[in-house]
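In case you want the letters, here they are:
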Amino acid sequence: MFLGIDVGSQSLKAVLLDQALRIVGRGGRPYPIEFPQPGWAEQHPELWEAALAPAVADALAAAGRKPTDVAGIGIAGQLDGSIPVAANGRALGCCLIWMDRRADACCDGLRQRESAQIFRQRTGANLDGSHMAPKMRWQLDNWPAARTAARFHQPVTYLVERLTGEAAIDHGLASTTLAYDLAAADFATDLLDNFGLERRMLPRLARSEEVAGRLGAIGADLIGLPAGLPVAVGTGDDFSTPLGGGIATPGIVADVLGTAEVVGALDARPLIDACGLVETHRFVGTELHYIENPGWVSGGALEWLRALLRIDGFTAFDALAAGVPPGSDELIFLPALTGAMTPEWQAAARGCFYGLTPSHGAGHLARAALEGTAYGLRDVAERLHAMGVAAERVRVLGGGAKSRLWAQIRADITGLPVERSAVTDSSAVGAAILAAVAVGHAPDVATAAKAASAVAEVIEPQAHNRSLYDDMHGRYRQLFASLKPMFATGAPG
């Protein structure tokens, strides 16, 4: 069997695929995110380590198999984190995770010296403090322990080193750092210099589907599997989730509904968005590029609202929302709880409900949240179309794909057919696919993705809701524009 691990924002998940690349076992363990102050978000890597063995044991038990039945391991997970580590791979502090904004100021001087457009042309990414290089700079400037670090890791590469003793990063993750030159397919000295960094501070580059190393004694104890098992280099969940959901060729918009909502599509060309709404990254195991918006807090916003309103689970949340007409009686939710990524990047933006009246109830808030996050999807889908990226239909992936209502809302707002994936935990499935290719069981990631893919349902847009949602999407954009004077500067430019 092939084991896939997903190091998520709120939990670690493990899946086991059989030789036909079908899921036979699942396991998982939750853990918290710490928010020490507004704009800060962190996790200690020990949380991920502690979750490994129990999650894998659950997956093995569900499959009715033994640890010796595992043939290879792949790891995927949250990207845009930064962890300083000692020479032995142990963490010297917590991880500044993807939603942490404390490094925004590290980009201010660069914006004054460098054209954001030129920077975007080189790296494919926006000059934004959410990425790894500015976070490394912030840690070096503010944590004495970071100045003694042998290197810095993202969550995936951290666990790979802890399991194998090898420090490796794939081209997909590397292309999110702001230190990677897309054309050269390598870290660039001048890009590193922008943040006062050195090449030795980062892991070596390798393909995601290559073997990074073998499970060592420390790793075997951490994960509860026999030493010597091959471990793939792995990748970020922005790339593993489409892969696990069967997307390895152009034509489909991947809409990943997790804590964050990540939206993107594949193209053979390294297209660069002059507006900066989407970024361009290297995709796993192919010469394709993944053109994506790296995500706004979407499922996380629903969980916040569910807890705030004390709604008993998301089935009840959907039921409340379903009792409210499309458009939520003109109530609009702006999903910018940790900054905005649509309709444009504004790190200092904040979320809001607009249009509240005494006639609005909990159901209106719930539906407006479902719709507000979907307006962001429409922003990205329209930008991809304008760039010439094939975007003929949407495939929803992740935990949010379980909601038929949310999928229907997405179809109505975008005007595109929406496919609900039958594959749950698709990031972990993508990681397991990388393991299967790394050990030679599958010839390439595209073949493996096709074998693992399954669509549960195709939902067509309802034409009678189109004009209503055209109007509401326009109002959502007007609301954002009217609030911009209240936001501090810091858009990618």
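These numbers were taken from a predicted model, which means no experiment stands behind them.

1. Let's talk about the overall build of the chain
Part 1: Within the chain one finds 16 helices and 24 strands.
Part 2: Residues counted as buried form 62% of the 493 residues belonging to the chain.
Part 3: Of all intrachain contacts in the chain linking residues separated by at least 6 positions in sequence, the fraction that spans at least 24 positions is 74%.
Part 4: Accessible surface, the chain as shown: approximately 17100 Å² in total, 53% of it carbon and sulfur.
Part 5: Once the 42 positive and 53 negative side-chain charges of the chain are each reduced to a mean point, those two points are 1 Å apart.

2. Remarks on the pattern of salt bridges
Part 1: Evaluated as defined, the whole model comprises 34 salt bridges.
Part 2: Linked through salt bridges whose partners overlap, the residues forming this network are Arg378, Glu382, Arg466 and Asp470.

3. Concerning the packing of aromatic side chains
The geometry of an aromatic ring pair comes down to the distance between the two centres and the angle between the two planes.
Part 1: All told, the structure shown has 11 aromatic pairs when counted by the stated rule.
Part 2: Aromatic pair tyrosine 375 and tyrosine 476: ring centres 5.2 Å apart, planes at 40 degrees, arrangement tilted. In this pair, tyrosine 375 is assigned in helix 12 (residues 362–386) and tyrosine 476 in helix 16 (residues 466–483), connecting sequence segments 101 residues apart. For the pair shown, tyrosine 375 and tyrosine 476 are each scored as buried.

4. Focus on the sheet that holds strand 23 (residues 418–421)
Part 1: Judged by pairing direction, the sheet is mixed, and its 7 strands sit side by side in the order 18-19-17-16-22-23-24 without closing on themselves. Whereas interior strands pair on both sides, the edge strands pair on one side only; in this sheet they are strand 18 (279–282) and strand 24 (455–459). Put simply, the sheet's adjacent strands are angled 25 degrees from each other on average, direction ignored.
Part 2: Of the strands in this sheet, strand 16 (251–257), strand 17 (260–267), strand 18, strand 19 (289–297) and strand 22 (391–397) touch helix 9 (residues 237–244), which is tilted by about 110 degrees from strand 19.

5. Here's the deal with the nonpolar core
Part 1: Membership of the largest hydrophobic core comes to 170 residues, with the highest contact counts inside it found for Leu3, Leu12, Ile73, Ile75 and Leu225.
Part 2: Broken down by element, the residue count for this core peaks at 11 residues, all from helix 12.
Part 3: Those residues within four positions of leucine 12 in sequence are excluded, and the remaining contacts are Ile5, Asp6, Val7, Gly27, Gly28, Arg29, Tyr31, Trp48, Ala51, Leu52, Ala55 and Leu159.

6. So, the environment of leucine 225
Part 1: Tracing the backbone shows leucine 225 in the loop between helix 8 (217–223) and strand 14 (230–232).
Part 2: C-alpha of leucine 225 to C-alpha of valine 70: the two residues are 155 residues apart in sequence and 8.0 Å apart in space.
Part 3: In this view, leucine 225 contacts Leu3, Val56, Leu60, Pro67, Val70, Ile73, Leu215 and Ala220; residues no more than four positions away in its chain are not counted.

7. So, the packing of helix 1 (residues 45–63) against helix 5 (residues 155–164)
Part 1: Look at helix 1 against helix 5: their axes get within 11 Å of each other, and the N-to-C directions meet at 55 degrees. When the interaxial angle is binned, helix 1 and helix 5 end up oblique. In this structure, helix 1 meets helix 5 at a crossing whose hand is right-handed. Where helix 1 abuts helix 5, its residues Pro45, Trp48, Glu49 and Leu52 lie against Pro155, Tyr158, Leu159, Arg162 and Leu163.
Part 2: Considered class by class, the residues forming the contact of helix 1 with helix 5 number 7 nonpolar, no polar and 2 charged.

Parameters at a glance
Residues numbered from 1 in each chain as written. Predicted model: local features only at pLDDT ≥ 70, side-chain atom pairs only at ≥ 80, totals over all residues. Heavy atoms only, no water. Helix = DSSP H or I, 4+ residues; strand = E, 2+ residues; numbered from the N terminus. Buried < 20%, exposed > 50% of the residue type's maximum accessible area, 1.4 Å probe, protein only. Contact = heavy atoms within 4.5 Å. Areas by Shrake-Rupley, 256 points an atom, 1.4 Å probe, with all protein chains shown as cover. Lys, Arg positive; Asp, Glu negative; His and termini not counted. Charge placed at Lys NZ, Arg CZ, Asp CG, Glu CD. Salt bridge = Lys/Arg side-chain N within 4 Å of Asp/Glu carboxyl O. Phe/Tyr/Trp six-rings, centres within 6.5 Å; stacked < 30°, edge-to-face > 60°. Pairing = 2+ DSSP bridges. Axes fitted to C-alpha atoms, helices over the stretch in contact; angles between N-to-C directions. Core = buried A, V, L, I, M, F, W, Y, C linked by side-chain atoms within 4.5 Å. Parallel < 35°, antiparallel > 145°, perpendicular 65-115°, else oblique. Left-handed = near helix turned anticlockwise from the far one by under 90°. Nonpolar A, V, L, I, M, F, W, Y, C, P; charged D, E, K, R; others polar.

Worth remembering: the numbers are spatial, not functional.
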